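# Coordinates in review
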Amino acid sequence: SKPEPLKVMLSGAPASGKGTQCGFITKKYGLVHISAGDLLRAEIAEGTENGKRAKEYMERGQLVPDEIVVTMVKERLFQTDAQENGWLLDGYPRSLSQAQALEDLGIQPDIFIVLEVSEESLVERVVGRRLDPVTGKIYHLKYLPPETEEIAARLTQRFDDTEEKVKLRLQTFHENVEAVLSIYEDKMIKIDGNASKEEIFSEIDAALTRVLEEKSAASVAT
Ligand code: AP5
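The present account deals with the structure reproduced in this document. Predicted model, so just to flag it, every value in this text is computed and none were measured.

Close to the ligand lie 34 residues, the nearest being Thr20, Gln62, Arg94, Arg129 and Arg169. In the model, an oxygen atom of the ligand is placed 2.7 Å from a nitrogen or oxygen of the arginine 169 side chain. The protein chains hide 95% of the 1000 Å² of surface that the ligand would expose on its own. Taken together, the elements giving at least two residues each to the shell around the ligand come down to α1 (18–29), α2 (36–46), β6 (138–140) and α10 (197–221). Element by element, the count of residues in the shell around the ligand is highest for α2, at four residues. In terms of residue class, the shell around the ligand is built from 15 nonpolar, 10 polar and nine charged.

And the structure:
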């Protein structure tokens, strides 16, 4: 039978490079990228009730309550494109209760990737980050400056990307990370996220290729 599509979770502290790597992964593997943070920012942009509530938590660097996030991600995950092409969950689950909600639905990843980056780099990455609202591309004033003056002029900054806010986001991350990792221990690979984005992707790429080979071997055997 045909192997099932790839199911990937990507975890890491704020600004560890999750969104950047998701760009590379979706381009090569065609997975559906589901970012909890992006879904929440879309709700805020649309001015929904959930968006208004979510923003209060995001401004404090806290986790948005499960009653908003769990349903939102679940609905996206069960859409046909994600079921057919496979999915890449970015920044979810981020707490024990979110991981348990997925377990209860029988949703498990093939691989759980953790990006490990030193604390001082994280702060520097956050404050230098800029976004292109037209292409969605993630830039950094020092590490990945915009290619043209035109792009430079339209770059925006996230409302939670200040040094003060990232400290709160980091604190929330540290409070929850161990519990989440303990659930996915047997599927976990840790990657040094201090390296260049190309080096990091080549490690992720090798790991995903391995998983795909294992899945196709298993589907031949059954
Ligand atoms: P979310 O949007 O998920 O933010 P985050 O986890 O803080 O992660 P970021 O998006 O800030 O960073 P990233 O790891 O994607 O890094 P990037 O690639 O951009 O969440 C925001 C908020 O939403 C949370 O605080 C919470 O309130 C809420 N929320 C989200 N998920 C939730 C959940 N599951 N439950 C409840 N609430 C939730 O890179 C960062 C910068 O570094 C960029 O400028 C980039 O160019 C640069 N860079 C990337 N890689 C490298 C490299 N290798 N070398 C040098 N620079 C690099």
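Back to the text.
One open sheet holds the five strands; their spatial order is β2-β3-β1-β4-β7, and the pairing between them is parallel. In the strand order of this sheet, the two ends are held by β2 (32–35) and β7 (188–192), each with one partner. The mean inter-strand angle of the sheet, taken between neighbouring strand axes irrespective of direction, is 20°. Here four bridges tie strand β1 (residues 7–12) to strand β3 (residues 87–90), and the two strands are oriented parallel to one another.

Definitions and limits used
- Residues numbered from 1 in each chain as written.
- Predicted model: local features only at pLDDT ≥ 70, side-chain atom pairs only at ≥ 80, totals over all residues.
- Heavy atoms only, no water.
- Near = heavy atom within 4 Å.
- Polar contact = N/O pair within 3.5 Å; in protein donor to acceptor, adjacent residues only side chain to side chain.
- Areas by Shrake-Rupley, 256 points an atom, 1.4 Å probe, with all protein chains shown as cover.
- Helix = DSSP H or I, 4+ residues; strand = E, 2+ residues; numbered from the N terminus.
- Nonpolar A, V, L, I, M, F, W, Y, C, P; charged D, E, K, R; others polar.
- Pairing = 2+ DSSP bridges.
- Axes fitted to C-alpha atoms, helices over the stretch in contact; angles between N-to-C directions.

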